[in-house]
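Examination of the molecular architecture
Residues per chain are reported as follows:
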Amino acid sequence: MTGLRFLNTTCAVCGEPCRFSIPGAAAPIGSRDLDTRPAEPLRSTIYAWVRRCPSCGYCSPDPGRAPDGAADAVKLPRYREQLDSRRFPRVANTFLCWSIIQEDLGAPAHAAWADEALLVDILRRAGRLREARTEALRVLEGDPDPLIAGIMRLQIRLITASDRAAHTVAEARRSVPL
Ligand SMILES: [Zn+2]
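Residues numbered from 1 in each chain as written. Predicted model: local features only at pLDDT ≥ 70, side-chain atom pairs only at ≥ 80, totals over all residues.

1. Observations concerning the overall build of the protein chain
A count of helices and strands for the protein chain gives eight helices and four strands. Its helices and strands taken in sequence order, the protein chain reads β-β-α-β-β-α-α-α-α-α-α-α from the N to the C terminus. For the protein chain, contacts bridging at least 24 residues in sequence account for 59% of all contacts bridging at least 6. (Helix = DSSP H or I, 4+ residues; strand = E, 2+ residues; numbered from the N terminus. Contact = placed C-beta atoms within 7 Å.)

2. Re the packing of helix α6 (residues 129-141) against helix α7 (residues 146-160)
Where α6 meets α7, the axes come as close as 9 Å, and the angle between the chain directions of the two elements is 155°. Taken together, the axes of α6 and α7 lie roughly antiparallel to each other. Seen along the crossing, α6 lies across α7 with a hand that is left-handed. Facing Leu-129, Ala-132, Arg-133, Ala-136, Val-139 and Leu-140 of α6, the residues of α7 in contact are Ile-148, Ala-149, Met-152, Gln-155, Ile-156 and Ile-159. (Axes fitted to C-alpha atoms, helices over the stretch in contact; angles between N-to-C directions. Parallel < 35°, antiparallel > 145°, perpendicular 65-115°, else oblique. Left-handed = near helix turned anticlockwise from the far one by under 90°.)

3. Here's the deal with the nonpolar core
Grouped together as the largest cluster of nonpolar side chains are 33 residues, with contacts concentrated most on Tyr-58, Phe-95, Ala-117, Val-120 and Met-152. Elements represented by at least two residues in this core include exactly β2 (17-22), α2 (70-73), α4 (90-104), α5 (109-125), α6 and α7. Among the elements that make up this core, the one with the highest residue count is α4 (eight residues). (Core = buried A, V, L, I, M, F, W, Y, C linked by C-beta atoms within 7 Å. Buried ≥ 20, exposed ≤ 12 C-beta atoms within 10 Å, placed from the backbone.)

4. Remarks on α6
Look at α6: 18 Å from first C-alpha to last across 13 residues, which is about the 18 Å you get at 1.5 Å a residue. What α6 keeps buried is the set Ala-132, Glu-135, Ala-136 and Val-139. Seen from one end, α6 has its buried residues packed into an arc of 100°, which puts them on one side. Opposite the buried face of α6, at more than 90 degrees from it, the exposed residues are Arg-130, Arg-138 and Glu-141. (Expected span 1.5 Å × (residues − 1). Arc of directions from axis to C-beta.)

Here's what the structure looks like:
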């Protein structure tokens, strides 16, 4: 991926320094681009939103900031369990941990959509296409923000094509070594 940049920050939970790559695909994505962009960079972007502190496991779009209560949420048993769950790829765990924090602090709707978007991807890749489709349609009915809506439309196309490939996560892993 082109335009790889790095972000140096200090974890707001444990105070350790962290360095994260910022993929070029995370450059501004307007809603108009969603249908014309290739699937992989777009879907990589959703995973690239969330980064994991290598020291304490704090997962956030910006680990340099922590809302009140985040340090406690990171210690929750279900958080620690999710962080290294073998049921999901590492990027999915990072993403789900972030949603646990959001939930614990009183989830805004945005986090719930993002969480459901990930669930659709997991269901599709597991070959549970009917459930994935039902879930994707349900997210769209909730009138999510443009990025999530674009991803759901893409998911429905992939589901219709019975495409179970995990290429996006692979792409995300290559471009975003979390
Ligand atoms: Zn940390």
